[in-house]
Amino acid sequence: MINAIRGMNDILPDEAAKWRFVEDTTRRIFSLYGFSELRPPLMERTELFLRGIGDDTDVVEKQMYTFTDKSGDSVSLRPEATACVLRAVIEHGLLNKDPIVKLYSIGPMFRYERPQKGRYRQFHQINAERLGEDGPLADAETLAMAYDLASSLLGREALLMEVNSLGCKACRPAFKEALQQFLASRQDSLCEDCRRRMHTNPLRVLDCKVPTCKEAVEGAPFIEDHLCDDCRAHYGTVLAGLSTLGVRYEKNPRLVRGLDYYTRTTFEITAAGLGSQNAIVGGGRYDDLLSTLDGPPVGGIGFAFGMERMIMLMGEPRELIEGCFVVAQAEPRVEQEALGVISELRSAGIRAEAAFGKSFKAQMRRADKAGYPICVIMGENEINSSTLSVKVMSGHVPQRTIGRKAVLDEIKSMLVHKGENA
Ligand code: AMP
């Protein structure tokens with residue numbers, strides 16, 4: 001019997017619904033941020049990855065599926081999407097047509113890694129790239145988009161977003177030197193790879209998972225102490241932007257990422273419940289990558305989601321309607337008020353419905369059957385106190401009473417995060 005290749009999985013029909021749900025949610029959320037889809041091929045010239053990712057990375061050094069095709073060219077199955085998307089942007093002159101380009105792609109990646117839970121040889125990523133905006137708020141928005149997707153699928157409680165700045169061409173060399181000096185004094189405790197990386201790419205040593213290396217770098221200098229004024233200001237504004245956007249984050253001064261091309265903002269989202277392979281999203285800014293690939297000197301920022309890891313954590317998706325059901329006590333005054341609330345919700349782009357004149361129980365039943373995730377409940381008490389009661393239909397979240405004026409914002413944010421209890 002011929003089995004599938006190790007680390008390459010079938011997605012069987014009963015799992016496919018979850019995959020579709022994740023893809024649909026991605027398309028919906030990313031289009032809210034103005035991103036469009038690009039679908040690059042699965043295979044590229046090997047040189048693209050050598051130049052784009054850096055030949056001193058694990059991905060390129062050890063994990064690429066590379067072979068010579070029948071015409072003698074070296075080709076590789078893509079281990080990540082950024083280099084492919086940027087190649088397409090440059091090849092088709094997309095930045096000449098529009099100086100700001102926002103793209104996403106969804107599809108399989110290939111890395112020859114040791115398969116284990118959450119780590120496969122063919123796996124799928126959702127990838128986003130935002131090119132042509134250098135300002136820090138573009139970073140904040142991009143991180144918020146990743147956070148929105150993760151939290152709408154997994155809920156905020158499970159997530160940890162960590163952020164760092166890796167500096168730029170101006171300030172990183174001095175940090176590298178300080179780090180190299182520190183590492184030289186700890187050489188004997190470093191693994192073989194790190195003893196080599198210490199000279200070629202010392203930042204990568206901070207990312208090594210070998211326990212003796214982890215211990216050895218504990219007292220290493222922090223890049224934040226070496227940032228130039230521009231990078232420091234950029235980082236500060238990114239963090240302020242994240243707060244404005246309601247993203248819960250932590251600074252992690254040790255966060256570096258496996259690929260060489262990152263500058264300034266870098267981030268990762270991890271999720272509880274995945275064991276050691278707990279990173280679901282990683283990304284950051286890359287101001288020099290387009291020019292490295294012979295493109296225009298334009299900066300960008302992007303990220304990649306691991307779909308398998310996200311799907312492992314998700315419950316069964318529910319077919320929910322994007323909206324809320326207004327349950328009104330069968331009193332003319334209350335029903336008139338409910339009519340006003342429904343109209344406000346619809347004006348804000350939220351689907352809303354009611355079933356006037358029915359009993360409370362019948363209205364709730366109808367809301368549930370139709371698949372509304374949220375009910376707004378209105379009675380005499382609510383009207384007298386200028387409040388509304390809001391009930392989440394799934395799980396055991398207690399009903400909440402909120403001020404009449406706050407209700408639109410509240411329901412909008414609840415709809416974005418409605419997957420929390422899925
Ligand atoms: P990276 O491109 O290495 O930054 O990875 C981005 C995300 O892709 C990670 O956070 C993981 O969720 C996922 N990922 C990376 N490598 C694998 C793999 N071999 N198997 C499954 N998921 C992966």
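Definitions and limits used
- Residues numbered from 1 in each chain as written.
- Predicted model: local features only at pLDDT ≥ 70, side-chain atom pairs only at ≥ 80, totals over all residues.
- Heavy atoms only, no water.
- Salt bridge = Lys/Arg side-chain N within 4 Å of Asp/Glu carboxyl O.
- Buried < 20%, exposed > 50% of the residue type's maximum accessible area, 1.4 Å probe, protein only.
- Helix = DSSP H or I, 4+ residues; strand = E, 2+ residues; numbered from the N terminus.
- Polar contact = N/O pair within 3.5 Å; in protein donor to acceptor, adjacent residues only side chain to side chain.
- Contact = heavy atoms within 4.5 Å.
- Pairing = 2+ DSSP bridges.
- Axes fitted to C-alpha atoms, helices over the stretch in contact; angles between N-to-C directions.
- Domains from an automatic or database assignment.
- Patch = residues over 30% accessible without salt bridge, like charges linked within 9 Å, V, L, I, M, F, W, Y side chains within 5 Å.
- Areas by Shrake-Rupley, 256 points an atom, 1.4 Å probe, with all protein chains shown as cover.

> Break down the pattern of salt bridges for me, with residues and values.
Here the structure, examined in full by the defined rule, presents 26 salt bridges. The closest approach of N and O atoms between Glu37 and Arg39, which form a salt bridge, is 3.2 Å. What makes Glu37 partly exposed here is its relative accessible area of 29%. Given a relative accessible area of 67%, Arg39 falls into the exposed group. Notably, a salt bridge pairs Arg404 with Glu344, separated by 3.1 Å at the nearest N-O pair. Here Arg404 is found in the loop between β16 (400–403) and α16 (407–416), whereas its partner Glu344 is found in helix α13 (residues 332–347), with 60 residues between them in sequence. It is possible to trace a salt-bridge network through shared partners that takes in Asp58, Glu61, Lys62, Asp193, Arg196 and Arg197.

> Pulling in residues and values, what's your account of the side chain of Arg130?
Within the fold, Arg130 resides in strand β6 (residues 122–131). Exposure remark for Arg130: the relative accessible area of 3% places this residue in the buried category. Separated by 2.9 Å, the side chains of Arg130 and Glu141 make a polar contact. Sequence-distant contacts of Arg130, that is, excluding residues within four places in its chain, are made with Phe35, Val101, Lys102, Ala138, Glu141, Thr142, Tyr286, Gly299, Gly300 and Ile301.

> I'd love a proper account of helix α4 (residues 82–91), names of residues and values included.
Residues three or four positions apart in an α-helix share a direction because the helix packs 3.6 residues into each turn. The buried count for α4 comes to 8 of 10 residues, which makes it a mostly enclosed element. For α4, the full list of buried residues reads Thr82, Ala83, Cys84, Val85, Leu86, Arg87, Ala88 and Val89. Positioned one or two residues after α4, Gly93 has a phi angle of 60 degrees, which is positive.

> Explain the sheet that holds strand β2 (residues 43–45) to me, using residue names and the numbers behind them.
Sheet architecture is open: 3 strands sit in the order β2-β4-β3, paired in antiparallel fashion. Either end of the sheet is taken by a strand with one partner, and the two such strands are β2 and β3 (66–68). Averaged over all pairs of adjacent strands, the angle between their axes in this sheet comes to 35 degrees, without regard to strand direction. Looking at chain direction, β2 and strand β4 (residues 74–77) are connected through 3 bridges and run antiparallel. From the neighbouring strand, Met43 faces β4, where its bridge partner is Leu77. Contacts between helix α2 (residues 46–53) and the sheet are confined to β2, β3 and β4, with β2 contributing the most and set at about 80 degrees to the helix.

> Please provide a residue-by-residue account of the domain arrangement of the protein chain, values included.
On domain assignment, one finds that the protein chain holds domain 1 (13–171 + 227–313) and domain 2 (323–416). Computed over C-alpha atoms only, the centres of domain 1 and domain 2 are separated by 39 Å.

> Please provide a residue-by-residue account of the sheet that holds β6, values included.
Taken in spatial order, the 8 strands of this open sheet run β1-β5-β6-β11-β10-β9-β7-β8, and their pairing is mixed. Two strands in the sheet have a free side with no partner beyond their single neighbour: β1 (36–37) and β8 (249–251). Sheet topology places strand β9 (residues 263–271) next to strand β10 (residues 279–286); 6 bridges connect them, and they run antiparallel. The residue of β10 that forms the bridge with Thr266 is Gly284. Strands β5 (101–110), β6 and β10 of the sheet are contacted by α4, whose axis makes an angle of about 45 degrees with β6.

> Account for the environment of Gly306, naming residues and giving values.
Secondary-structure assignment places Gly306 in strand β11 (residues 300–306). The buried category is assigned to Gly306, whose relative accessible area is 15%. When the C-alpha positions of Gly306 and Phe123 are compared, they lie 7.5 Å apart, and in sequence the two are 183 residues distant. Discounting chain neighbours no more than four positions away, the residues touching Gly306 are His124 and Ile280.

> Pulling in residues and values, what's your account of a nonpolar patch on the surface?
A cluster of nonpolar side chains, namely Leu42, Met43 and Phe67, defines an oily patch on the protein surface of about 250 Å² accessible area. Within the fold, Leu42 resides in the loop between β1 and β2. Using a relative accessible area of 37% as the deciding quantity, one classes Leu42 as partly exposed.

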